[in-house]
Amino acid sequence: MAVAPPSYCFVAFPPRAKDGLVVFGKNSARPRDEVQEVVYFSAADHEPESKVECTYISIDQVPRTHAIVISRPAWLWGAEMGANEHGVCIANEAINAREPAAETEALLGMDLVRLGLERGTTAKEALDVIVALLEEHGQGGNYYEDAHACHSFQSAYLIVDHEEAWVLETVGKYWAAEQITEGVKCICNQLSLTTKIDAEHPELRSYAQSQGWWTGEDEFNFSEVFSPADDHLDCCAGKDSLEKKEESITVQTMIDVLRDKASGVCMDSESFLTTASVVSVLPQNRSLPCIHYFTGTPDPSRSIFKPFIFVDDVKLVPKAQSPCFGDDDPAKKEPRFQEKPDRRHELYKAHQWARAVIESDQEQGRKLRKTMLELERQGLEAMEEILTGSDPLDPTEVGDLFYDCVDTEIKFFK
């Protein structure tokens, strides 16, 4: 069974989170050399009976899709994490379960992240979208751009809006979900739901019984029933690092947790690296905008979190988008992945130089990192003013916010 990369995602609700804000964060651990891009798609109307081409399969399109911003491995259609214009955020975790994931190409967990964002106006609506599509199309296929082996996984999701979060864990088409409305919650690459289940697949328990995994007499504990026998739950590294924070949780707290290599939350091993990160702030006061901070680059401890706000006229950011190979993309042709094109975008290339400096030259690296953090701090302070100021948001001022931040970062590295 393929090893699931240890990614972490978090949510904190008021009063643990500061100032009536819901704070969401995710580190995406993926193969070390994989490039993630940050892409915005505007809301769109679609023709009746039209199809949408996901990573491996096509499915029926809906009449209207919401505006979304996502961070995704550049070779696939879906997303590791992202947000939509209604303040819904979703992150995905690859997990191993007692039942091996299907290698047959179907929807990837990452496709379901994007579909949930495009079709759900609340966290619960997005959950309903994901489980309905799971029932109809199933999940399966290679999670990595790798011609030599199929790495397939089951999926878990953290789905968050202004009011609540849902932890959704899936095994094939079967699933269970827990609603969260307070405190902090962390999920990683293992099943975490136990006996508190607020929604589930109607045949979940009978399926577990038919497999001989549950007697039907003991209390039903989802992760005990469906986890692999050798799985020792040690997801708490991430949970502890957030729960131990005595102060109110802010954007900065979440960024600090995502940068923590000592706890393992920030992955940097021979095989895996945190290839991209996101932190989102969802104010419970609906008159305030949601703010989403993306790195678009690997290793959050050496990256700048850059803000994005949904407005009607968002300026696209080609410099954070990978080259498009169209129908010639080796990920789209069968047999797949026969070659690996260079998917690095301009921001990624500029950041590669910065990472090399930080790793090789102590003095210059220290200065560079200090300046990077200063750039980030300016962005955080400007966003703080938007959330605490009395002036209404001017959409024309923030339409090119992410564009300007990426541009400034690239110029600075040059």
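Here the structure is a predicted model, which is why all the values come from computation and not from measurement. (Residues numbered from 1 in each chain as written. Predicted model: local features only at pLDDT ≥ 70, side-chain atom pairs only at ≥ 80, totals over all residues. Heavy atoms only, no water.)

Attention shifts here to the environment of cysteine 186. Its place among the elements puts cysteine 186 in strand 14 (residues 184-187). Placed 57 residues apart in sequence, cysteine 186 and glutamate 243 show a C-alpha to C-alpha distance of 9.5 Å. (Helix = DSSP H or I, 4+ residues; strand = E, 2+ residues; numbered from the N terminus.)

Once that is clear, we can look at the packing of helix 8 (residues 362-388) against helix 10 (residues 401-413). In contact at an axis separation of 11 Å, helix 8 and helix 10 are set at 165 degrees when each is read in the N-to-C sense. Between helix 8 and helix 10, the crossing angle belongs to the class labelled roughly antiparallel. Crossing of helix 8 over helix 10 shows right-handed handedness. For the pair helix 8 and helix 10, contact is made by Leu368, Thr371, Met372, Leu375 and Met383 and by Leu401, Thr408, Phe412 and Phe413, respectively. Here the contact of helix 8 with helix 10 is composed, by residue class, of seven nonpolar, two polar and no charged. (Axes fitted to C-alpha atoms, helices over the stretch in contact; angles between N-to-C directions. Parallel < 35°, antiparallel > 145°, perpendicular 65-115°, else oblique. Left-handed = near helix turned anticlockwise from the far one by under 90°. Contact = heavy atoms within 4.5 Å. Nonpolar A, V, L, I, M, F, W, Y, C, P; charged D, E, K, R; others polar.)

The subject of this paragraph is the sheet that holds strand 13 (residues 174-180). Strand order across the open sheet formed by eight strands is 3-8-9-10-11-12-13-15, with antiparallel pairing between neighbours. At either end of the open sheet lies a strand with only one pairing partner, and these are strand 3 (36-41) and strand 15 (199-200). The pairing of strand 9 (residues 81-84) with strand 10 (residues 89-95) spans three bridges and is antiparallel. Looking across to strand 10, one finds that glycine 82 is bridged to isoleucine 90. Seen against the sheet, helix 1 (residues 109-119) touches strand 3, strand 8 (68-73), strand 9, strand 10 and strand 11 (154-160) and runs at an angle of roughly 165 degrees to strand 10. (Pairing = 2+ DSSP bridges.)

Let us now look at the state of the cysteines. In a disulfide, the sulfur atoms of two cysteines are covalently bonded to one another. Overall, the coordinates contain zero disulfides when judged by the stated rule. Here cysteine 150 is not cross-linked by a disulfide; its sulfur's nearest cysteine counterpart is in cysteine 54, at 17 Å. By relative accessible area, cysteine 150 is classed as partly exposed at 28%. (Disulfide = S-S within 2.5 Å. Buried < 20%, exposed > 50% of the residue type's maximum accessible area, 1.4 Å probe, protein only.)

Glancing now at the packing of aromatic side chains. Under the defined criterion, the tally for this structure stands at 16 aromatic pairs. Between the aromatic rings of tyrosine 174 and tyrosine 207, the centroid separation amounts to 4.1 Å while the plane-to-plane angle is 10 degrees, which identifies the pairing as stacked. Residue tyrosine 174 is found in strand 13, and its partner tyrosine 207 is found in helix 3 (residues 204-210); the two are separated by 33 residues along the sequence. In terms of burial, tyrosine 174 and tyrosine 207 fall into one category: buried. Between tyrosine 207 and tryptophan 213 the ring centres are 6.1 Å apart and the planes differ by 90 degrees, which places this aromatic pair in the edge-to-face class. For the cation-ring pair, arginine 114 lies above phenylalanine 41, with the distance from its terminal atom to the ring centre recorded as 4.2 Å. Between the NZ or CZ atom of lysine 315 and the centre of the ring of tyrosine 403, over which it lies, the distance is 3.9 Å. (Phe/Tyr/Trp six-rings, centres within 6.5 Å; stacked < 30°, edge-to-face > 60°. Lys NZ or Arg CZ within 6 Å of the ring centre and 35° of its normal.)

A separate point is the pairing of strand 10. Burial within strand 10 is extensive, with seven of its seven residues counted as buried. Neither face of strand 10 is open: one carries Cys89, Ala91, Glu93 and Ile95, the other Ile90, Asn92 and Ala94, and all of them are buried. Between strand 9 and strand 10, which pair antiparallel one after the other, the connecting turn spans four residues, and glycine 87 there sits at a positive phi close to 80 degrees. Direction of pairing for strand 10 relative to strand 11: antiparallel, over a ladder of seven bridges. Looking at the pairing, isoleucine 90 lines up with isoleucine 159 of strand 11.

Spatially, the six strands line up as an open sheet ordered 14-1-2-16-17-18, and their pairing is antiparallel. In the strand order of this sheet, the two ends are held by strand 14 and strand 18 (306-308), each with one partner. Between one strand axis and the next, the sheet turns through 15 degrees on average, direction left out of account. Pairing between strand 17 (residues 291-294) and strand 18: three bridges, direction antiparallel. The partner of tyrosine 293 across the bridge, within strand 18, is proline 307.

Let's shift gears to helix 10. Between its first and last C-alpha, helix 10 extends 19 Å over 13 residues, near the 18 Å set by a 1.5 Å rise per residue. Burial in helix 10 covers these residues: Leu401, Phe402, Val406, Asp407, Glu409, Ile410 and Phe413. (Expected span 1.5 Å × (residues − 1).)

Quick look at the environment of threonine 408 now. On the secondary structure map, threonine 408 appears in helix 10. Threonine 408 gets classed as partly exposed once you look at its relative accessible area, which sits at 39%. At a separation of 2.7 Å, a polar atom in the side chain of threonine 408 contacts the main-chain carbonyl oxygen of aspartate 404. (Polar contact = N/O pair within 3.5 Å; in protein donor to acceptor, adjacent residues only side chain to side chain.)

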